[in-house]
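Summary of structural features
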Amino acid sequence: VPVSRIRNFSIIAHIDHGKSTLADRLLQETGTVADRDMKDQFLDSMELERERGITIKLQAARMSYRAADGQDYVLNLIDTPGHVDFSYEVSRSLAACEGALLVVDASQGVEAQTLANVYLALEHDLEIIPVLNKIDLPGAEPDRVIQEIEEVVGLDCSNAIFASAKTGVGVPEILAAIVQQVPPPADTVQDPLRALIFDSYYDLYRGVVVYFRVMDGSLRKGDRVKLMASGKEYELDELGVLSPTQVQVEELHAGEVGYFAAAIKAVTDARVGDTITQVKQPAAEPLPGYVEAKPMVFCGMFPTDADQFPDLRDALERLKLNDAALQFEPETSSAMGFGFRCGFLGLLHMEIVQERLEREYDLDLIITAPSVIYRVTTIKGEVVMIDNPSALPDPQQREKIEEPYVRVEMITPEEFVGTLMELGQSRRGEFRDMKYLTPGRTTLIYELPLAEVVTDFFDQMKSRSRGYASMEYQLIEYRENTLVKLDILINGDPVDSLAAIVHRDKAYYTGRALVSKLKELIPRHQFKIPLQAAIGTKVIASESIPALRKDVLAKCYGGDISRKRKLLEKQKAGKKRMKSVGRVDVPQEAFMAVLRLK
Ligand code: GDP
Ligand code: MG
């Protein structure tokens, strides 16, 4: 196909506004996937994604489409992940497109994620086609929502399409608009090869399969290519397109989207955003915008059963083959034994990895509360990055501590403004701006320490707004604060995995709340267990768990063996997620207690 008949686009939307459903309809309408092969949400292929209704890893699909002019066009849909943790991936897939469908639920309106994605699309100069989805719903108010998009986003909506991804209304119009409004790629076939990696995954037999968009030049099966950021060279064993299953081709040129396999051993060698060029005739400059995704959130993972340590290491190594952003290194905790300190892009990324370790690898893990990465300057002038509270240098050794700040944008119905501002203040937030979007809807902008956001900020925002508010955040900078290390002692021993870094003004409150929460969560033992919170050597709060008086079996009358066994089994199951810390069995929830303080 000539470059003039290629269109590359993505779909941007707030979660649940219908992106995946619309993608399915486009594949069906163009006959890319036969009706009988259509299963719901073709693009969300990972089981976890379907369950959670989110797109974690983006994928792509090539469609052929005969337009009204009688010509055949190639439409490449490049899907984007629908979560803030993966915004770098979103920006790379948008960089591979010339246009985007902006899907907004006509019964809801503009949400935080809609805005964040539109800003990204505008940064890449994409042609944006507004689509008012779900117009089949009785509550749909497409005209109101159009007004909202025009006012809030500043986007001309005279070409907006009314659609229902459910019934198919408007879908032919969307395809026609893509051809008419999205510009074709630049015709730079003669230039040296530059192709942008927007996704990759690990395949056991072929090595990493790389998804890319050719920006300039061309590549053929058998070519020797170089990845400009990693500096590594490979020979293309396999080259193809995604229609939407992989179909091999001999050559791809500027404007096209495809995949290759080249016996690459791990996705870290072919990172999203890297530029592919020819070894023989390399490009002078890589494509702009490459960043190595850096973890922002860290936690400790320890097997409940120490024998599972090698299994945990193997599982992490295997997940890492497919996840360039996942980091881990061995951690030895005096309380927990051997485990790993793991780094993630954000909370969702962390939860996904934890869930996969437990589900797919059948591991029982104790996971410690998430923490951020602090920048500590020592009195000697050294700068160290601390991703584990227990590793914080002593106060006498520290010159200053800085912590990451994020800019949070919340969009909410007006009536929840007060309660959300309270939330912002209580999390050490600095109020920045408030704007009325349309009658009844407001956006609130705060700057907050990331540490306060990775606790339960999102859940709090949702429950305070009865589910109506939405939020996005982005990292802005490191700022200095008076932070202290809060130690927790169980039975007289400091438990390193419970240590937390908190603001000094909140330390007393947090210490008291934490020990009383632990008192609730840790079961009684045969002996009394003192619980203390301390800053340095100074104890700031204490509680104790009274001893159990009677053996639990004493409750069973004499010979009722089966009942006894049941009771023992119940105890054992309850113990599953326990870690022995000294002589005390501490349940999983205790390590997350810091997230559940009122
Ligand atoms: P995504 O999170 O943006 O990918 O949203 P989905 O495509 O998963 O859609 C979210 C929910 O809205 C699903 O239950 C869909 O069946 C439903 N949905 C999507 N499009 C429409 C539509 O046009 N009309 C109606 N009534 N429901 C829709
Ligand atoms: Mg989806």
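Each remark here, short or long, concerns the structure printed above.
Heads up: these notes are all about the structure in this document. Nothing here was measured: the structure is a model prediction, and the numbers come from that model.

**A look at the overall build of the protein chain**
What the protein chain contains, in helices and strands, is 14 helices and 33 strands. Taken along its principal axes, the extent of the C-alpha atoms in the protein chain is 85 × 65 × 55 Å. Pairs at least 24 apart in sequence give 69% of the contacts found in the protein chain among residues at least 6 apart. With an accessible surface of roughly 26500 Å², the protein chain has 48% of that area assigned to carbon and sulfur atoms. The averaged location of the 90 negative side-chain charges in the protein chain is 8 Å from the averaged location of its 72 positive side-chain charges.

**Points about a negative patch on the surface**
A cluster of acidic residues, D305, D307, D311, D314 and E317, forms a negative patch on the protein surface. Of note, D305 is situated in the loop between β17 (297-303) and α7 (309-321). By relative accessible area, which is 37% here, D305 ends up partly exposed.

**Looking at the packing of aromatic side chains**
Tallied over the full model, the rule gives eight aromatic pairs. Geometrically, the ring pair formed by F309 and F340 is stacked, given 5.0 Å between the ring centres and 5 degrees between the ring planes. In this pair, F309 is assigned in helix α7 and F340 in strand β19 (residues 337-344), connecting sequence segments 31 residues apart. We classify F309 as buried; its relative accessible area is 18%. Taken together through their ring pairs, the aromatic side chains of F309, F328, F338 and F340 make up a single cluster. One residue, R375, lies across the ring of Y478, its end atom 4.6 Å from the ring centre. Positioned above the aromatic ring of Y405 is the side chain of R479, whose terminal nitrogen or guanidinium carbon lies 4.4 Å from the ring centre.

**Let's talk about the pattern of salt bridges**
Counting across every chain of the model gives 35 salt bridges. Here D216 makes a salt bridge to R194, at a shortest N to O gap of 2.8 Å. Taken together, the positions of D216 in strand β8 (residues 207-216) and R194 in strand β7 (residues 194-203) put the pair 22 residues apart, joining distant regions of the chain. A relative accessible area of 11% places D216 in the buried class. Put simply, R479 and E430 hold a salt bridge, and the shortest N to O gap is 3.4 Å. Residue R479 is found in strand β26 (residues 470-480), and its partner E430 is found in strand β24 (residues 430-438); the two are separated by 49 residues along the sequence. The exposure class of E430 is partly exposed, given its relative accessible area of 30%. Via salt bridges that share partners, E111, E141, R144, E148 and R441 belong to a single interconnected network.

**Thoughts on the sheet that holds strand β1 (residues 6-13)**
With respect to topology, six strands assemble into an open sheet ordered β2-β3-β1-β4-β5-β6, the strand pairing being mixed. Strand pairing shows two members of the sheet lacking a second neighbour, β2 (60-66) and β6 (161-162), which therefore form its edges. Relative to strand β4 (residues 99-105), β1 runs parallel, the two sharing five bridges. Of the residues in β4, the one forming a bridge with F9 is G99. Lying on the sheet, helix α1 (residues 19-29) is in contact with β1, β2, β3 (72-78) and β4; it crosses β1 at an angle near 150 degrees.

**Brief notes about the site of ligand 1**
For ligand 1, the set of nearby residues contains 17 residues, the closest of which are D16, K19, S20, T21 and D136. Note that a nitrogen atom of ligand 1 is positioned 2.7 Å from one of the side-chain N or O atoms of D136.

**Some words on helix α3 (residues 87-95)**
Extensive coverage of α3 is indicated by the burial of eight of its nine residues. Taken together, the buried positions of α3 are occupied by Y88, E89, V90, S91, R92, S93, L94 and A95. In this structure, the buried side of α3 is in contact with β1, β3, α4 (112-123), β7 and β8.

**What about the nonpolar core?**
Counting 48 residues, the largest nonpolar core has M301, L357, Y374, V408, M410 and V453 as its most contacted members. Grouped together as the second largest cluster of nonpolar side chains are 41 residues, A106, L120, L242 and L287 included.

**Brief notes about the packing of α7 against helix α8 (residues 347-360)**
Two elements in contact, α7 and α8, have axes whose closest approach is 11 Å; the angle formed by their N-to-C orientations is 125 degrees. By the angle class used here, α7 and α8 are oblique. Where α7 crosses over α8, the handedness of that crossing is right-handed. Mapping the contact onto sequence places L312, A315, L316 and L319 in α7 and V353, R356 and L357 in α8.

**A closer look at the pairing of strand β29 (residues 500-503)**
Here β29 shows no split at all, with A500 and V502 on one side and I501 and H503 on the other all buried. Pairing between strand β27 (residues 483-490) and β29: four bridges, direction antiparallel. The partner of K485 across the bridge, within β29, is I501.

**A word on the sheet that holds strand β10 (residues 224-227)**
Strands sit in the order β11-β10-β16-β7-β8-β15-β12-β13 across an open sheet of eight strands; the sheet is antiparallel. Strand pairing shows two members of the sheet lacking a second neighbour, β11 (233-235) and β13 (246-248), which therefore form its edges. Adjacent strand axes in the sheet meet at a mean angle of 40 degrees when their direction is disregarded. Pairing geometry for β7 and strand β16 (residues 275-278), over two bridges, is antiparallel.

**Things to note about the environment of F86**
With respect to the helices and strands, the residue F86 is situated in the loop between β3 and α3. When the C-alpha atoms of F86 and L357 are compared, they prove to be 20 Å apart, with 271 residues separating the residues in sequence.

**Observations concerning unusual backbone geometry**
For the peptide bond that leads from S243 to P244, omega is -15 degrees, which places it in the cis range. Within the secondary structure layout, P244 lies in the loop between β12 (238-242) and β13. The phi torsion at D362 lies on the positive side, around 55 degrees, for a residue other than glycine. As for its position among the elements, D362 is in the loop between α8 and β20 (365-367).

**Focus on the side chain of N117**
One can find N117 in helix α4. A residue is classified by how much of its surface remains accessible, and N117, at 8% relative accessible area, is buried.

**As for helix α9 (residues 417-426)**
Looking at α9, one finds that the buried residues are V417, L420, L423 and G424. Around the axis of α9, the buried residues are gathered within 120 degrees of arc, so they sit on the same side. Summarising the contacts, the buried residues of α9 are in contact with β23 (398-413), β24, β25 (441-449) and α11 (457-464). Two residues or fewer after α9 comes R428, characterised by a positive phi angle close to 60 degrees.

Each value, and the rule that gives it
Residues numbered from 1 in each chain as written. Chains lettered and ligands numbered in written order. Predicted model: local features only at pLDDT ≥ 70, side-chain atom pairs only at ≥ 80, totals over all residues. Heavy atoms only, no water. Helix = DSSP H or I, 4+ residues; strand = E, 2+ residues; numbered from the N terminus. Contact = heavy atoms within 4.5 Å. Areas by Shrake-Rupley, 256 points an atom, 1.4 Å probe, with all protein chains shown as cover. Lys, Arg positive; Asp, Glu negative; His and termini not counted. Charge placed at Lys NZ, Arg CZ, Asp CG, Glu CD. Patch = residues over 30% accessible without salt bridge, like charges linked within 9 Å, V, L, I, M, F, W, Y side chains within 5 Å. Salt bridge = Lys/Arg side-chain N within 4 Å of Asp/Glu carboxyl O. Buried < 20%, exposed > 50% of the residue type's maximum accessible area, 1.4 Å probe, protein only. Phe/Tyr/Trp six-rings, centres within 6.5 Å; stacked < 30°, edge-to-face > 60°. Lys NZ or Arg CZ within 6 Å of the ring centre and 35° of its normal. Pairing = 2+ DSSP bridges. Axes fitted to C-alpha atoms, helices over the stretch in contact; angles between N-to-C directions. Near = heavy atom within 4 Å. Polar contact = N/O pair within 3.5 Å; in protein donor to acceptor, adjacent residues only side chain to side chain. Core = buried A, V, L, I, M, F, W, Y, C linked by side-chain atoms within 4.5 Å. Parallel < 35°, antiparallel > 145°, perpendicular 65-115°, else oblique. Left-handed = near helix turned anticlockwise from the far one by under 90°. Arc of directions from axis to C-beta.

Any functional reading would require information that these geometric values do not contain.
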